[in-house]
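Descriptive analysis of the structure
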Amino acid sequence: MKIQTVATMPFDDQKPGTSGLRKKVAAFKTPAYLENFVQAIFDSITAPVGSVLVLGGDGRYYNCEAIQIILRMAAANGFAKVLVGQGGILSTPAASCVIRKTRSFGGIILSASHNPGGPEGDFGIKYNTGNGGPAPEKITEAIYACSRSLTQYRIADAADVNLDRIGCQMVGDMNVEVIDPVADYAELMESLFDFAAIRALIGGGFRLCFDAMHAVTGPYAIEILEKRLGAPAGTVINGVPLPDFGEGHPDPNLTYAHELVAIMYGADRASTPDFGAASDGDGDRNMILGRHFFVNPSDSLAIIAANATQAPGYVAGLAGIARSMPTSAAADRVADKLGIPCFETPTGWKFFGNLMDAGKVTLCGEESFGTGSSHVREKDGLWAVLFWLNILAKRRLSVEEIVHRHWAEYGRNVYSRHDYEALPADIAAELMAHVKSQFADLPGRRLGDYTVKFCDDFSYTDPIDGSVSSGQGLRIGFKDGSRIVFRLSGTGTEGATLRIYLEAYSSDPATQRADAQQALEPLIDIAHDLSQLKQRTGRESPTVIT
Ligand code: G1P
Ligand code: ZN
């Protein structure tokens, strides 16, 4: 095998964010940009010679070109074998599943998740460790440090691999096995959920619609929902992955999944499906809808937790639950009742890995449409959809009834997130500093009907390895359990995105079903006052409300 050692200059902006390195496609196409980052990964993980790597992506523009480069670099860096999804496809949870099942050393996932794709869109790359989960901060920091002092990368001289042909091929001395990207994942799902019960539900006339948003979950959803569970052809819409996601924004929320929303909120209620769901670019997010009904992701986590033993994979019960800090405390109430621990971690799935590896939690969730469990080490969109279908098949209630009964039993954590996208970075930083500057005076103060109980800049000490992550978001907690959180996104590629998370607890069944935005109005006003939002940003309203 002929290996080239190419001299290179470091880039200074290869710091992985909440979930890997994300940049515009144009940045990744800059000569040596991708190569440098991949070499930084290989240099910092020091995989023993002969290791196996898993590789795949969400099918976005530049996916296959990047795969060919990474294959040649893996060969030059001593890997014995790379398992790559056919067509370059592997959803994020499927990649996690394959890494675990094959006991590979790690994996590289090419995705910018829900960010738009295409030549003008975003591209991304992240490294997952042998447990199948996103690399923890000590590894991402090592990769970043490495990227800043890199002087060369190694790449083999070899022809492109045929990514469409299942089976083994060689790149130099390295074996490349093109695998079916769906098979292992579908088998895992079948082992966790009661497929017979779901088949019976669907056979009995229950109607569902799944929007794959022209992203990676199309092939997975068609195989599982239509082929294995017997949903009629056409249940999966936008099921063909496209490099630009059909010019869409593959983020499963009420704003971007508008085609599904139109179907689920159809004027003719009788012909509206009973259940709707969508997933994002790389298949790790989910949105759950009933007929004319939206399930808040924080509630979804709590409801899955409360009903977990309905699914065969979870009949033994849950070890514990973990949620990211900005996620509502609905899951905490379920954990309380079940007598199991509930952990509050910083934003980003990587913080759940240690807890799952140590057997301390079974379920994890984030308000950002992410739910998952210890079956893999990533959040998992279709898994959440199947969990809901399993619960619906067993309880035989509508989505709305399940949620309403849950609120009646536990109370409702009325919740919303307001995003202000593409703000100038300095203005966003000043706004955050202004909020923080008031922290000394806030506790005990009355703001409208609320009294401030505490405020802090969230810091987390990992209970397993003792690592500390600080500066994770500004929390203002009120005496009645309501909360406002200010946080800057770590995944955006344009300016800064300010996220304001709003949560009001309501135990009164009479007012519990109110519209969330209306119920949260007093907290929204407080958040605007505290941050001088309008004066500082000139924005009248959020870019996206979820
Ligand atoms: C966002 C979400 C976060 C999620 C991440 C990756 O990160 O808020 O919960 O883990 O995407 O999907 P953020 O942009 O807020 O840093
Ligand atoms: Zn994603």
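Keep in mind that this is a model prediction, so the values were computed, not measured.

Cut-offs used in this document
Residues numbered from 1 in each chain as written. Chains lettered and ligands numbered in written order. Predicted model: local features only at pLDDT ≥ 70, side-chain atom pairs only at ≥ 80, totals over all residues. Heavy atoms only, no water. Donors = N, O, S within 2.8 Å, 3.2 Å for Na, K, Ca; no water. Tetrahedral: all angles 85-135°; square planar, octahedral: opposite > 155°, others 65-115°. Buried < 20%, exposed > 50% of the residue type's maximum accessible area, 1.4 Å probe, protein only. Helix = DSSP H or I, 4+ residues; strand = E, 2+ residues; numbered from the N terminus. Polar contact = N/O pair within 3.5 Å; in protein donor to acceptor, adjacent residues only side chain to side chain. 1 Å grid on protein atoms, 1.4 Å probe; cavity = no way out; pocket = protein on both sides within 12 Å on 5 of 7 lines; lining within 4 Å. Points joined across faces, edges and corners; volume = space filled by probe spheres on them. Nonpolar A, V, L, I, M, F, W, Y, C, P; charged D, E, K, R; others polar. Contact = heavy atoms within 4.5 Å. Near = heavy atom within 4 Å. Areas by Shrake-Rupley, 256 points an atom, 1.4 Å probe, with all protein chains shown as cover. Sits in = over half its atoms within 2 Å of the grid points. Pairing = 2+ DSSP bridges. Disulfide = S-S within 2.5 Å. Axes fitted to C-alpha atoms, helices over the stretch in contact; angles between N-to-C directions. Arc of directions from axis to C-beta. Phe/Tyr/Trp six-rings, centres within 6.5 Å; stacked < 30°, edge-to-face > 60°.

In this section: the coordination of the zinc ion (ligand 2). The protein atoms donating to the zinc ion (ligand 2) are S113 (OG), D280 (OD), D282 (OD) and D284 (OD), with metal-donor distances spanning 2.0 to 2.1 Å. Geometry at the zinc ion (ligand 2) is irregular, judged from the 4 donor atoms that bind it and their angles of 86 to 163 degrees at the metal. Counting along the primary sequence, the residues that act as donors to the zinc ion (ligand 2) give the motif S-x166-D-x1-D-x1-D.

Turning next to helix α4 (residues 92-101). Across the 10 residues that make up α4, a large majority, 8, are buried. Within α4, the full set of buried residues consists of T92, P93, A94, A95, S96, C97, V98 and I99. By the N-cap criterion, in which a side-chain oxygen at the helix start approaches the backbone nitrogen of a residue two or three places on, α4 is capped by S91, the distance to A94 being 3.0 Å. Positive backbone phi, approximately 50 degrees, marks R103, located one or two places after α4.

If you add up the space inside the largest pocket, you get close to 920 Å³. Lining the largest pocket are 33 residues, and of these P16, G17, T18, S489 and G490 sit closest to its centre. Elements with a contribution of two residues or more to the lining of the largest pocket: β2 (21-24), α5 (137-147), β25 (483-488) and β26 (496-506). With 4 residues, the single largest contributor to the lining of the largest pocket is α5. Counted by class, the lining of the largest pocket contains 7 nonpolar, 17 polar and 9 charged residues.

Another aspect to go through is the side chain of T235. Residue placement: T235 occurs in the loop between α8 (217-228) and β11 (236-237). Setting aside anything within four residues of it in sequence, one finds T235 in contact with L208, C209, F210 and E226.

Turning to the site of ligand 1, a few remarks are in order. Not every one of the 14 residues close to ligand 1 is listed here, only the nearest: S368, S489, G490, T491 and R499. Measuring from an oxygen atom of ligand 1, one finds a side-chain N or O atom of K379 at 2.8 Å. Here an oxygen atom of ligand 1 and a side-chain polar atom of R487 are 2.7 Å apart. Relative to its free-state accessible area of 380 Å², ligand 1 is covered by the protein chains to the extent of 98%. Because more than half of its atoms lie within 2 Å of the grid, ligand 1 is assigned to the largest cavity. Here the shell around ligand 1 is composed, by residue class, of no nonpolar, 7 polar and 7 charged.

A few words now on the pairing of strand β8 (residues 167-171). Relative to strand β9 (residues 174-179), β8 runs antiparallel, the two being bridged by 5 bridges. Residue M170 lies in a different strand from β9, and its bridge partner there is N175. Connecting the antiparallel pair β8 and β9 is a turn made up of 2 residues, with G172 showing a positive phi of about 60 degrees.

Moving on, we get to unusual backbone geometry. The backbone of S113 shows a phi angle near 50 degrees, a positive value even though the residue is not glycine. The residue N238 is not glycine, and still its phi comes out positive at about 50 degrees. Following the sequence through the fold, N238 ends up in the loop between β11 and α9 (258-264).

Moving on, we come to the state of the cysteines. For the structure shown, the criterion picks out 0 disulfides. Considering cysteine sulfurs only, C342 is the nearest to C364, which forms no disulfide, with 9.8 Å between them.

Counting across every chain of the model gives 4 cavities of 30 Å³ or more. In this structure, the largest cavity encloses a volume near 300 Å³. In this structure, the largest cavity is lined by 27 residues; those nearest its centre are T18, S19, R285, K379 and T491. Here the residues of the lining of the largest cavity sort into 3 nonpolar, 11 polar and 13 charged. Estimates place the volume of the second largest cavity at around 100 Å³. Along the wall of the second largest cavity there are 15 residues; nearest its centre are G20, K126, Y127, A135 and T140. At 3 residues, the largest contribution of residues to the lining of the second largest cavity is made by strand β6 (residues 122-129).

Another aspect to go through is the sheet that holds strand β12 (residues 275-279). The strand order across the open sheet formed by 5 strands is β11-β10-β12-β13-β14, and the pairing between neighbours is mixed. Bordering the open sheet on either side are β11 and β14 (293-295), each of which pairs with just one other strand. Relative to β14, strand β13 (residues 286-290) runs antiparallel, the two being bridged by 3 bridges. Counterpart to L289 in the pairing with β14 is F294. Docked against the sheet, helix α14 (residues 399-410) engages β12, β13 and β14, running at close to 55 degrees with respect to β14.

Glancing now at α5. Among the residues of α5, those classed as buried are T140, I143, Y144, C146 and S147. Take α5 and look down its axis: the buried residues cluster within an arc of 165 degrees, on one side only. Where α5 is buried, its residues meet α2 (33-45) and β6.

Position of V216 relative to the elements: it lies in the loop between β10 (208-211) and α8. The spacing of V216 and G283 is 67 residues in sequence and 6.0 Å in space, taken between C-alpha atoms. In this structure V216 touches G57, D58, I89, L90, S91, D280, G281, D282 and G283, once residues within four positions along its chain are discounted.

What follows deals with the environment of S91. The residue S91 is located in the loop between β4 (81-89) and α4 in this model. Along the primary structure S91 and S469 are separated by 378 residues, whereas in three dimensions their C-alpha atoms are 28 Å apart. Residues within four places of S91 in sequence aside, it is in contact with V216, Y220 and D282. A polar atom in the side chain of S91 sits 3.0 Å from the backbone nitrogen of A94.

With that out of the way, let us pick up the packing of aromatic side chains. The tally for this structure, following the rule as stated, stands at 17 aromatic pairs. Judged by centre distance (6.2 Å) and plane angle (50 degrees), the ring pair of F294 and F369 falls under tilted. With F294 in strand β14 and F369 in the loop between β17 (363-366) and β18 (370-373), the pair connects residues that are 75 residues apart, well separated along the chain. Judged by its relative accessible area of 4%, F369 falls in the buried class. Ring centres of Y314 and F387 lie 5.1 Å apart, and the angle between their planes is 35 degrees; this geometry places the pair in the tilted category. Taken together, the positions of Y314 in the loop between α10 (297-306) and β15 (321-324) and F387 in helix α13 (residues 381-395) put the pair 73 residues apart, joining distant regions of the chain. F387 carries the same exposure label as Y314, and that label is buried.

Keep in mind these values describe shape, not function.
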